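Next come the chains, spelled out residue by residue.
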Amino acid sequence: MLNNFILDMREVPKELILILNLLKNDDEGYAQKYLKEEYNNIDWKLFLELTIHHRFYPLLASKLQSFDNRFIPQFVVQTVSGLYRKNVFKMLQLSGEMEQLAQLFKTNCIKTIFLKGPILGIEIYGDVSLRTCGDLDLLIPIEDLDIMDKLLEENGYEKDPYIQSVLEDWKWRHHHFTYYNSLKNIKVEIHWRLNPGPGKEPNFNELWERKRESLSSKSPIYFLGREDLFLFLVSHGARHGWSRLRWLMDIHRMIGQEIDWKEIDSLVKKYYNFHIVGQSIILSSQLLNAKVTKEMQRFITDNRSKSLAQKAIFYLENMVNLHTYPVPKDVSLYHGRHLYSLMSYRQKILFLLSHLYPYHIDTVTLPLPKKLHFLYFILRPFLCFWRKVRKQDLSLEEQK
């Protein structure tokens, strides 16, 4: 398998190994034998926590119902089934909102590409209810952000002002704004980039030319071309350490569909993400039994891809949640190093150079009139030094 490379999974909870085995084996007899022989002391509470954390309950619901309570307790089956039913209603609600927003943007002549959400359930799983999502993500040209902001506000959405910026660094340091409709309990993320910068990626017009249209909706709903979608999901999952395995299941499903690997090869050369494609294929193959074809072989023989795949196992050993703050310090440090290791050499150079560009914290350390913000380019090294000294002083005071 993969040139004899095997992921070290010894520290991964046996409950998660069981979940993976239930998902990748359709043979009920095999799964029951595996469960009976290897997992007599399953922590079913942890099993449920992991099922919820990795968002696997839509896929597990029907599988678990085929087992009798000699193997899996009834409360586990009932809990997973209940979560699946709730997800059906949530996905139907998001599907309706997606259609309404698509019509709204079309009426106002805003080109819109839906990145994730219910559209993935239909496209990748063939059933909107088999995938979970918490919000709607869509991509628009950056020049349409102002009119999009106004439209969403008029339709009950409120913008989350969490992005703090100086000298318009938000345009390349960040990649989306978040809006929330409290009456509908729906969150929408408006992207102007696929990923946070700095980094090279296709511009909107390129993605628009390769877009596809959903045939399952009344209003035209556009989403990414197959190869663009695959690479977007790869970069998104890798950036989050594959800490929710639902993202890896997306890759597993897409690998089993028709992908133009020559086009993938062309795109990864252009955007320097060969290694994270390799990482995703290795993880999909070993965790979910994805079939590796001849066209994929070159991605998984790369030593860097193998190293990155092993590093991702940390997130499975610890059930990491990067969206719950504060993130534990050890996890935060590991994730920061992992993000850096994912970068291409070109990205690393851009990332290091980006530290020379002023940050919003510089305006807090030394407030200046907006017309003088250009001075932060000169002052930034001194402001960084001052913050470091001040932090050390505060630390000494706390020890007294």
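Here the structure is shown first, and the text comes after it.
Calculation notes
Residues numbered from 1 in each chain as written. Predicted model: local features only at pLDDT ≥ 70, side-chain atom pairs only at ≥ 80, totals over all residues. Heavy atoms only, no water. Axes fitted to C-alpha atoms, helices over the stretch in contact; angles between N-to-C directions. Helix = DSSP H or I, 4+ residues; strand = E, 2+ residues; numbered from the N terminus. Parallel < 35°, antiparallel > 145°, perpendicular 65-115°, else oblique. Left-handed = near helix turned anticlockwise from the far one by under 90°. Contact = heavy atoms within 4.5 Å. Nonpolar A, V, L, I, M, F, W, Y, C, P; charged D, E, K, R; others polar. Polar contact = N/O pair within 3.5 Å; in protein donor to acceptor, adjacent residues only side chain to side chain. Core = buried A, V, L, I, M, F, W, Y, C linked by side-chain atoms within 4.5 Å. Buried < 20%, exposed > 50% of the residue type's maximum accessible area, 1.4 Å probe, protein only. 1 Å grid on protein atoms, 1.4 Å probe; cavity = no way out; pocket = protein on both sides within 12 Å on 5 of 7 lines; lining within 4 Å. Points joined across faces, edges and corners; volume = space filled by probe spheres on them. Salt bridge = Lys/Arg side-chain N within 4 Å of Asp/Glu carboxyl O. Patch = residues over 30% accessible without salt bridge, like charges linked within 9 Å, V, L, I, M, F, W, Y side chains within 5 Å. Areas by Shrake-Rupley, 256 points an atom, 1.4 Å probe, with all protein chains shown as cover. Phe/Tyr/Trp six-rings, centres within 6.5 Å; stacked < 30°, edge-to-face > 60°. Lys NZ or Arg CZ within 6 Å of the ring centre and 35° of its normal.

Visitor: Would you explain the packing of helix H13 (residues 274-288) against helix H15 (residues 303-317) in this entry?
Guide: The contact between H13 and H15 brings their axes to 8 Å, and the two run at 60°. Classed by the angle they form, the pair H13 and H15 counts as oblique. Remark: the crossing between H13 and H15 carries right-handed chirality. For the pair formed by H13 and H15, the contact residues are Phe274, His275, Gly278, Gln279, Ile282, Leu283 and Leu287 on the first element and Arg304, Ser305, Lys306, Leu308, Ala309, Ala312, Ile313 and Leu316 on the second. Each residue belonging to the contact of H13 with H15 can be placed in one class, and the counts come to nine nonpolar, four polar and two charged.

Visitor: Looking at this structure, how should I read the environment of Asn195?
Guide: As for its placement among the helices and strands, Asn195 is situated in the loop between strand S5 (186-191) and helix H9 (204-209). Note: C-alpha distance between Asn195 and Arg173 (22 residues apart in sequence) is 9.3 Å. Setting aside its immediate chain neighbours within four residues, Asn195 contacts His175, Glu201, Ser235, His236 and Arg239. Among the polar contacts listed, one links the side chain of Asn195 to the side chain of Arg239, at a separation of 2.7 Å.

Visitor: Just checking my understanding: could you explain the nonpolar core for this structure?
Guide: What tends to happen in soluble globular proteins is that the nonpolar side chains get buried as a cluster. Counting residues in hydrophobic clusters, the biggest one holds 107 residues, and the most contacted among them are Phe47 and Phe230. Here this core gets ten residues from one element, more than from any other, and that element is helix H5 (residues 74-107). Ignoring any residue separated from it by four or fewer positions in sequence, one finds Phe47 in contact with Glu15, Leu18, Ile19, Leu22, Ile42, Leu60, Leu64 and Val76. Formed by seven residues, the second largest nonpolar core is a distinct cluster that contains Val320, Leu322, Val327 and Tyr334.

Visitor: Explain the environment of Phe382 here, please?
Guide: Here Phe382 is to be found in helix H19 (residues 376-399). Taking the relative accessible area as the measure of exposure, Phe382 reaches 58% and is therefore exposed. When the C-alpha positions of Phe382 and Asp362 are compared, they lie 10.0 Å apart, and in sequence the two are 20 residues distant.

Visitor: What is the right way to look at the side chain of His176 in this model?
Guide: Structurally, the position occupied by His176 is in strand S4 (residues 176-181). Sequence-distant contacts of His176, defined by excluding residues within four places in its chain, comprise Tyr162, Ile163, Glu189, Ile190, His191 and Trp192.

Visitor: Would you mind showing me how to read the layout of surface pockets here?
Guide: Take a probe with the size of a water molecule and roll it over the atoms, and the empty space left behind shows itself. For the second largest pocket, the calculated volume is near 220 Å³. Every residue lining the second largest pocket is counted, 15 residues in all, and those nearest its centre are Trp192, Arg193, Pro202, Asn203 and Phe204. For the lining of the second largest pocket, the leading source of residues is H9, giving three residues.

Visitor: Just to check I follow, could you spell out empty space enclosed by the protein for this structure?
Guide: For the coordinates displayed, the defined rule picks out one cavity of 30 Å³ or more. What the largest cavity holds in volume is close to 40 Å³. By residue class, the composition of the lining of the largest cavity is five nonpolar, no polar and three charged.

Visitor: When you look at the pattern of salt bridges in this model, what are you seeing that I'm missing?
Guide: Any two side chains of opposite charge can pair, so long as their charged atoms come close to each other. Taken as a whole and assessed by the stated rule, the structure comprises 16 salt bridges. Measuring nitrogen to oxygen at the nearest pair gives 2.8 Å for the salt bridge that ties Asp8 to Arg10. The partner of Arg210 in a salt bridge is Asp228, and the shortest N-O contact between them spans 2.7 Å. Taken together, the positions of Arg210 in the loop between H9 and strand S6 (212-213) and Asp228 in helix H10 (residues 226-239) put the pair 18 residues apart, joining distant regions of the chain. Note on Asp228: relative accessible area 5%, which makes it buried.

Visitor: What exactly am I supposed to notice about a nonpolar patch on the surface here?
Guide: Among the surface-exposed residues, Ile349, Leu353 and Leu356 lie close enough to one another that they form a single nonpolar patch of about 310 Å² accessible area. Relative to the elements of secondary structure, Leu353 occurs in helix H17 (residues 345-354).

Visitor: Honestly, the packing of aromatic side chains in this entry has me stumped. Any pointers?
Guide: Ring pairs (aromatic) are described by centroid distance and by the angle formed between their planes. Scanning the model with the defined rule gives 15 aromatic pairs in all. Each ring, one from Trp44 and one from Phe47, has its centre 5.0 Å from the other, and the planes form 65°; the classification is edge-to-face. On the criterion of helical spacing, the pair formed by Trp44 and Phe47 is a turn pair, its members being three residues apart in helix H3 (residues 44-53). Taken as a pair, Trp44 and Phe47 share a single burial class, namely buried. Where Trp170 meets Trp192, the ring centres are 5.1 Å apart and the plane angle is 85°; that geometry is what we call edge-to-face. One end of the pair, Trp170, is in helix H8 (residues 170-173); the other, Trp192, is in the loop between S5 and H9, and 22 residues separate them in sequence. Assessed through its relative accessible area of 18%, Trp170 is described here as buried. Classification of Trp192 by relative accessible area gives buried; the value is 9%. Ring pairing ties together the aromatic residues Phe230, Trp261, Phe274 and Phe299, which thus form one cluster. A cation over an aromatic ring shows up here: Arg298 above the ring of Phe299, its NZ or CZ 5.6 Å from the ring centre.

Visitor: When you look at unusual backbone geometry in this model, what are you seeing that I'm missing?
Guide: What is expected of a backbone is that most residues other than glycine have negative phi and most peptide bonds are trans. Going from Gly197 to Pro198, the amide bond is cis rather than trans, its omega being -5°. Residue position: Pro198 is located in the loop between S5 and H9. With an omega of 0°, the peptide bond between Tyr325 and Pro326 qualifies as cis. Tracing the backbone through its elements, the reader meets Pro326 in the loop between H15 and helix H16 (329-342). The phi dihedral of Tyr272 falls on the positive side, at around 60°, and the residue is not glycine. Along the chain, the position of Tyr272 falls in the loop between helix H12 (261-271) and H13.

Function cannot be inferred from these measures alone, as they are strictly geometric.
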